[in-house]
Amino acid sequence: MSSAEDRANRWIRPEFLDATAYHVADVGDVIKLDANESPYEWPREIKQAWLDRLAELELNRYPDAPASALQSVIRKTWGIPEQFDILIGNGSDECIAVVTSAVGGPGRTIMAPTPTFVVYQNAAELFNSKFVGVPLSENFELDVAATIDAVRQHNPACVFFAWPNNPTGNLFDRDAMEEVIAATDGLVVVDEAYGAFSNQSFLGQLHQYPNVVIMRTLSKIGMAGLRLGVLFGDPAWLTQFHKVRMPYNVNSLSQASAAFALENESVFARNFAILNTERDMLMQRLHAIEGLEVFPSDANFFLLRVTGEPGVAAVHSALLLGGIAVKNFHRPATPLDSCLRVSVGKPEENVALVEALTTIMTS
Ligand SMILES: *Cc1c(COP(=O)(O)O)cnc(C)c1O
């Protein structure tokens, strides 16, 4: 009898055999500034009411399959007009997978300006599409001419814009994005994962374009553990996406928790302003440290380039040794050369970061 390994090697699609799984480093009990999560737990004042809501659920029953109750709360809270349909995903990662499997496949291209969120490329390749990344300009702005050239050349089934972009933190120029949207026949997904921090949305323009859908997530605004992503737009697109989504893709606990959280949105929203203020303060302090370059940000994180001694790898590991995790994006001779991505934490965590970096860069 041949071994499990032999059989797996024979049957697993060859493109996966040499691939590596999405790796999330276990950083242990440290100050977590590496995943763009909210540093704030749910306030105690609403926790009991939330638990009471969960206690009413009948977990012996399947969830509300299209999550209609949650959809209504989302529609009301975010002001999504009735003319648009909504799809709830298990995180926006699942929404990305739904879109890329619906429009992708052999001979099809998925496109995004790069560097950007890696899941777009991973999902594109998972469903056998070609991924084309169009390099951003020097200051991480959209290169409109190059992007439109690439659109003409590859005729992409789908273009992803992370708006603001991750890991660069900036918000692409709205007009630049609209030029690309107008030049594209395929779908454009505007990913507003960090929209709560930029205070910008494409929702007001959505009705003007037959090829745009918007994606949001609760992950960056205090609910990363729920895994709740939202896709909305013209029913012509959304009806098809619902066919691709697995039934019961979002569990009852997440649906109820998300609805509860959005009904109490003001409790979470007060953190956004605090984090924006903290971000600006933190960036200013780090900018003052010699050997660090800080990039502008409209999100709850920012990009930091280590231009001085002891170099990016040593800075990253010294921070970790000192109990602070940030994400290392360093790839030599790429636009992210010597770059770390830093999520904004609580005030005391940000102070700890500034102190640690000051010590590391001056010793
Ligand atoms: C974090 C992130 C997501 C993933 O969100 P989940 O809902 O947690 O899957 C999507 N898009 C961008 C740009 C992100 O940074």
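Since we're looking at a predicted model, the values are computed, not measured. All chains use their own residue numbering, which begins from 1 and follows the written sequence. For this predicted model, a pLDDT threshold of at least 70 governs which residues receive local features, and a threshold of 80 or more governs which side-chain atom pairs are given and counted, while totals over whole chains, interfaces and linings are taken from all residues. With hydrogens and water stripped out, all remaining heavy atoms of the structure feed into the side-chain values.

### Observations concerning helix H11 (residues 252-263)
Helical segments are the DSSP runs of H or I of at least four residues, strand segments are the runs of E of at least two, and each set is numbered from the N terminus. Under the convention used throughout, the expected extent of a helix is 1.5 Å for every residue step, that is, one less than its residue count. The end-to-end C-alpha distance of H11, which contains twelve residues, comes to 16 Å, matching closely the 16 Å that a straight helix rising 1.5 Å per residue would cover. Of all twelve residues in H11, ten are buried; the element is thus mostly enclosed. Relative accessibility decides the category of a residue: with a 1.4 Å probe and only protein chains considered, values under 20% of the type maximum give buried, values over 50% give exposed, and everything between is partly exposed. Of the residues making up H11, those classed as buried are Ser 252, Ser 254, Gln 255, Ala 256, Ser 257, Ala 258, Ala 259, Phe 260, Ala 261 and Leu 262. In protein, a polar contact requires one atom able to donate a hydrogen and another able to accept it; more generally it is a pair of N or O atoms within 3.5 Å, and residues adjacent in sequence count only if both atoms are side-chain atoms. The N-terminus of H11 is capped by Asn 251, whose side-chain oxygen sits 2.9 Å from the backbone nitrogen of Leu 253.

### Some points on the environment of Ser 266
Considering the arrangement of structural elements, one finds Ser 266 in helix H12 (residues 265-287). Judged by its relative accessible area of 57%, Ser 266 falls in the exposed class. Expressed as a C-alpha distance, the spacing of Ser 266 and Val 230, which sit 36 residues apart in the sequence, is 19 Å.

### What to know about the domain arrangement of the protein chain
Per the annotation, domain bounds derive from an automatic or database assignment of domains. For the protein chain, the assigned domains read domain 1 (4-42 + 267-362) and domain 2 (60-264). In this complex, domain 1 contributes 27 residues to the contact, which on the side of domain 2 involves 30 residues. Note: buried area is the sum, over both parts, of the accessible area (probe 1.4 Å) each one loses when the two are combined. Here domain 1 and domain 2 share an interface that buries about 2,200 Å² over both sides, 66% of which is from carbon and sulfur atoms. When the buried area of domain 1 at its contact with domain 2 is split by residue, Trp 42, Phe 272 and Asp 298 rank highest and sum to 25% of it. Throughout, a contact is declared for two residues whenever any of their heavy atoms are within 4.5 Å.

### Here we look at the sheet that holds strand S11 (residues 324-328)
Two orientations exist for strands paired in a sheet by backbone hydrogen bonds: parallel and antiparallel. Any two strands with at least two DSSP-identified bridges between them are counted as paired. The strand order across the open sheet formed by five strands is S1-S11-S12-S10-S9, and the pairing between neighbours is mixed. The open sheet terminates on both sides in strands that have one partner only, identified here as strand S1 (31-33) and strand S9 (292-294). For this sheet, the mean angle separating the axes of adjacent strands, direction not counted, is 35 degrees. Both strand S10 (residues 301-306) and strand S12 (residues 339-343) contribute to a ladder of five bridges, which runs antiparallel. The partner of Leu 303 across the bridge, within S12, is Arg 341. Sitting on the sheet, helix H13 (residues 312-321) is in contact with S10, S11 and S12, with an inclination near 150 degrees to S11. Interaxial angle, 0 to 180 degrees, is taken between N-to-C directions of lines fitted to C-alpha atoms, where a helix line uses only the stretch in contact.

### Quick word on unusual backbone geometry
A cis geometry characterises the amide bond from Trp 163 onward to Pro 164, with omega recorded as 0 degrees. Residue Pro 310 is reached from Glu 309 by a cis peptide bond, and omega for that bond is 5 degrees. Examined against the element boundaries, Pro 310 turns out to sit in the loop between S10 and H13. Of note in this structure, Ala 67 is not a glycine but carries a positive phi near 55 degrees. Structurally, the position occupied by Ala 67 is in the loop between helix H3 (44-55) and helix H4 (68-78). Given a relative accessible area of 2%, Ala 67 falls into the buried group.

### What to know about the pattern of salt bridges
Every case where a carboxyl oxygen of Asp or Glu lies within 4 Å of a side-chain nitrogen of Lys or Arg is listed as a salt bridge. Counted according to the given criterion, the structure contains eleven salt bridges. Put simply, Glu 82 and Arg 75 hold a salt bridge, and the shortest N to O gap is 3.9 Å. Taking relative accessible area as the criterion, Glu 82 reaches 65% and is therefore assigned exposed. For Arg 216, the salt bridge is made with Glu 192, and the minimal N-O distance between the two is 3.0 Å. Here Glu 192 lies in the loop between strand S6 (187-191) and helix H9 (195-198) and Arg 216 lies in strand S7 (residues 212-217), a separation of 24 residues in the sequence.

### What about the pairing of S12?
Most of S12 is tucked away, with five of its five residues classed as buried. Side chains Cys 339, Arg 341 and Ser 343 project from S12 onto one buried face, and the interleaved Leu 340 and Val 342 project onto a second face that is buried too. Judged from the two bridges that link them, S11 and S12 form a sheet pairing that is antiparallel. What sits directly across from Asn 328, in S12, is Leu 340.

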